[in-house]
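Descriptive structure summary
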Amino acid sequence: MDDVILVGGGIMSATLGTLLQRLEPSWSIRVLERLPRVAAEASDGWNNAGTGHAGLCETNYTTLRSDGSVDIDRAVGIAEQFATTRRFWSTLPRVDFVRPVPHMTLVRGADNVEFLRARHRALRAHPLFEAMEYTEDAAVLRQWAPLVAEGRTGQWAATRDATGTDVDFGAATRQLFEAMEVAGASVETGREVRGLSQDRDGSWRLDVRGGRPVERARFVFVGAGGWALKLLRRAAIPEARGYGLLPISGQFLRCDRPELVDRHHAKVYGTPPIGAPPMSVPHLDTRVVDGRRSILFGPYAGANPKFLKHGSMLDLPRSVGRDNIGSLLSMARKNTALIGLLLSELTATRSRKIAALREFLPHAESADWSITNAGQRAQIVKDGALQFGTEVVASQDGTIAAVLGASPGASTAVPIMIELLNRCFPERQWDSHMRELLSG
């Protein structure tokens, strides 16, 4: 029997496994990944935008209050969480998966310009955002993002923070797992967990396809993206009841043309369409994946019943039960604009995608861009509401836990896993040791 089994080979399992190895070096840890390699789903470099989410450029992390002031609490919280994750990464043998890339926000129209101006004032007052700059000057924009500045007309404004980052989460995940293996963990691919049942002693029995048909562990973490809910329901823990998921697919336009890639060095976020989820905020990103620079634009979000990119078309219908169907229907009634947007994106033509790109790059040429399929995301539906962010779900006895939700999950992986550890192992005296782990 293992002390810990981590189901899924993504950034969350890699982070939790690394923390546990440092906190309890004697514990045995086994990783079970259903695909032939780790980091092949949402953590893969091409399955996400690679943004080190720190509230620097994402307008949906700040809201306008009725009195005209800007609420920055969520942006500050996410910035603090990402800072914690980066401190943890700094303790690794190498950190070649994080690169400095300025974060920018670009808006158009009088109302949006007024909001961005107020947002900048509010954020600059906090130490984590004191490097943020603001401009409505075309000459300054040409310095910050020359491709974006070309041909730009009308009223616009932009902010820029040079402390932003691009993160290759696939490389990060692989490096963490490699280090775990060196330290004694077993990382096994091609092994799919099909069911879980709890024995009388509190340990878990896992039915596995591929290799040994049965594994057992004292603690199980399900870091399987959208499939986490499926496995929690099979584990029959009451804490998973009532949850539903809304799966959302995505595509990006990708440019590898060197003369264009070399002229753009920023992640430029805009404002989302009405009713769009946070992951649909349009952005033009410098990306560095496996050491190669590209530009991505998107995402174009669509409806897809799969919970994972390599999932099943039956994932969504099979997840619906008596405990969550009312919540899912209520969410659909409250979010008709979102549902309509997701369905309309399924029929979006290439010319329509290029038209959206030209709002960022007025002189963009269609021939320079190809379409790349991104990863699947599964947004939480609970109590009839669509929830954005990441949530820990754990059994009352703390022997099994999972993470549900999406962005900014990977960027805040360390604080999320610390929350999970505190909930599942409250009797452990890890506080002082944890502070040492995060003192890098």
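The structure under discussion appears in the preceding block.
As a convention, each chain's residues are numbered from 1 in the sequence order in which they are written. Confidence filtering applies because this is a predicted model: local features only for residues at pLDDT of at least 70, side-chain atom pairs given and counted only at 80 or more, and all residues used for totals across whole chains, interfaces and linings. Hydrogens and waters are ignored; side-chain quantities use all the structure's heavy atoms.

With that out of the way, let us pick up the packing of aromatic side chains. Pairs were defined over the aromatic rings of Phe, Tyr and Trp, the Trp ring being its six-membered one, requiring ring centres within 6.5 Å. Orientation was assigned from the angle between planes: stacked under 30 degrees, edge-to-face over 60, tilted for the rest. This model, assessed by the stated rule, comprises nine aromatic pairs. Judged by centre distance (6.2 Å) and plane angle (65 degrees), the rings of W27 and W430 are edge-to-face. Here W430 lies in the loop between α13 (413–424) and α14 (431–437) and W27 lies in the loop between α1 (11–23) and β2 (29–33), a separation of 403 residues in the sequence. Exposed residues in this analysis have more than 50% of their type's maximum accessible area, buried residues have under 20%, and partly exposed residues fall in between, with area computed by a 1.4 Å probe over protein chains only. Given the relative accessible area of 8%, W430 is considered buried. On the basis of an interplanar angle of 85 degrees and a centroid distance of 6.2 Å, the ring pair of F82 and W89 is categorised as edge-to-face. When its relative accessible area of 5% is taken as the criterion, F82 is described as buried. One aromatic cluster is present, formed by W27, F219, F425 and W430 through successive ring pairs. Charge over a ring is defined by NZ of Lys or CZ of Arg lying within 6 Å of the ring centre and within 35 degrees of the ring normal. The ring of W46 is capped by R254, whose NZ or CZ atom sits 3.9 Å from the centre of that ring. Taking NZ or CZ as reference, K353 lies 5.3 Å from the ring centre of Y300, over its face. Secondary structure follows DSSP: runs of H or I at least 4 residues long count as helices, runs of E at least 2 residues long count as strands, and numbering of each begins at the N terminus.

What follows is about the pairing of strand β12 (residues 204–209). Side chains of β12 alternate between two faces, with W204, L206 and V208 buried and R205, D207 and R209 left unburied. In this description, strands pair whenever DSSP reports at least two bridges between them. Direction of pairing for strand β11 (residues 192–198) relative to β12: antiparallel, over a ladder of six bridges. What sits directly across from E192, in β12, is R209. The antiparallel pairing of β11 with β12 creates a hairpin that spans five residues between the two strands, and G202 there sits at a positive phi of about 90 degrees. Bridge count for β12 against strand β13 (residues 214–222) is four bridges, and the pairing is antiparallel. Bridge assignment links W204 to a residue of β13, and that residue is A217. The loop that links β12 with its antiparallel partner β13 comprises four residues; one of these, G210, has a positive phi angle of about 100 degrees.

Right, let's get into the packing of α1 against helix α6 (residues 169–182). Orientation is described by lines fitted to C-alpha atoms, with helices fitted over the stretch in contact, and by angles between N-to-C directions that extend from 0 to 180 degrees. Contact geometry of α1 with α6 gives a least axis separation of 9 Å together with a crossing angle of 35 degrees. Taken as a pair, α1 and α6 cross one another with a handedness that is left-handed. The residues of α6 that touch α1, namely those facing I11, S13, A14, T15, G17, T18 and Q21, are F169, A172, T173, L176, F177, A179 and M180. All residues other than Ala, Val, Leu, Ile, Met, Phe, Trp, Tyr, Cys, Pro, Asp, Glu, Lys and Arg, Gly among them, are scored as polar; the first ten of these are nonpolar and the last four charged. When the residues that make up the contact of α1 with α6 are grouped by side-chain class, the tally is eight nonpolar, six polar and no charged. A crossing counts as left-handed when the near helix is turned anticlockwise from the far one by less than a right angle, and as right-handed when that turn is clockwise. Residue contacts are counted whenever heavy atoms from the two residues lie within 4.5 Å of one another.

For the rest of this paragraph, the subject is the environment of D3. Checked against the element boundaries, D3 lands in strand β1 (residues 2–7). In this structure, the C-alpha to C-alpha distance between D3 and P102, residues 99 residues apart in sequence, is 42 Å. Not counting residues up to four positions away in its chain, the partners in contact with D3 are S26, W27, S28, R218 and F219. For D3, the side chain forms a polar contact with the side chain of R218, separated by 3.3 Å. Side-chain atoms alone can form a polar contact between residues adjacent in sequence; in general such a contact is a pair of N or O atoms within 3.5 Å, and within protein one must be able to donate a hydrogen while the other accepts it.

This part is about the side chain of T286. For T286, the position within the fold is in strand β16 (residues 283–289). One polar contact links the side chain of T286 to the main-chain carbonyl oxygen of H264, over a distance of 3.0 Å. Discounting chain neighbours no more than four positions away, the residues touching T286 are V101, D166, H264, H265, A266, K267, R293 and S294.

Within the element layout of this structure, D168 appears in the loop between β9 (165–167) and α6. Of the side chains with opposite charge, R174 comes closest to the buried, unpaired D168, at an N-O distance of 4.7 Å. A distance of 3.2 Å separates a polar side-chain atom of D168 from the backbone nitrogen of G170. If sequence neighbours within four positions are ignored, D168 has contacts with G45, F97, R287, V288, V289 and D290. His is not counted here, nor are the chain ends, while Lys and Arg score as positive and Asp and Glu score as negative. When a carboxyl oxygen of Asp or Glu is within 4 Å of a side-chain nitrogen of Lys or Arg, the pair counts as a salt bridge.

Once that is clear, we can look at unusual backbone geometry. Note that the residue after G298, namely P299, is joined by a cis bond; omega there is -5 degrees. Within the secondary structure, P299 sits in strand β17 (residues 292–303). Backbone geometry at A39 places phi at a positive 55 degrees, although glycine is not the residue there. The phi dihedral of D290 is positive, around 55 degrees, even though this residue is not glycine. Here D290 lies in the loop between β16 and β17. Given a relative accessible area of 61%, D290 falls into the exposed group.

This part covers the environment of S28. Take S28: it is sitting in the loop between α1 and β2. Contact partners of S28, with chain neighbours within four places excluded, come to M1, D2, D3 and V4.

Each patch is built from residues lacking any salt bridge and having more than 30% relative accessible area; the joining distance is 9 Å for like charges and 5 Å for nonpolar side chains (Val, Leu, Ile, Met, Phe, Trp, Tyr). Using the Shrake-Rupley algorithm and a 1.4 Å probe, accessible areas are obtained, with residue cover drawn only from the displayed protein chains. A cluster of nonpolar side chains, contributed by V320, I325 and L329, occupies part of the molecular surface with about 240 Å² of accessible area. Mapping V320 onto the fold places it in the loop between α9 (315–319) and α10 (325–334). Since its relative accessible area comes to 34%, V320 is described here as partly exposed.

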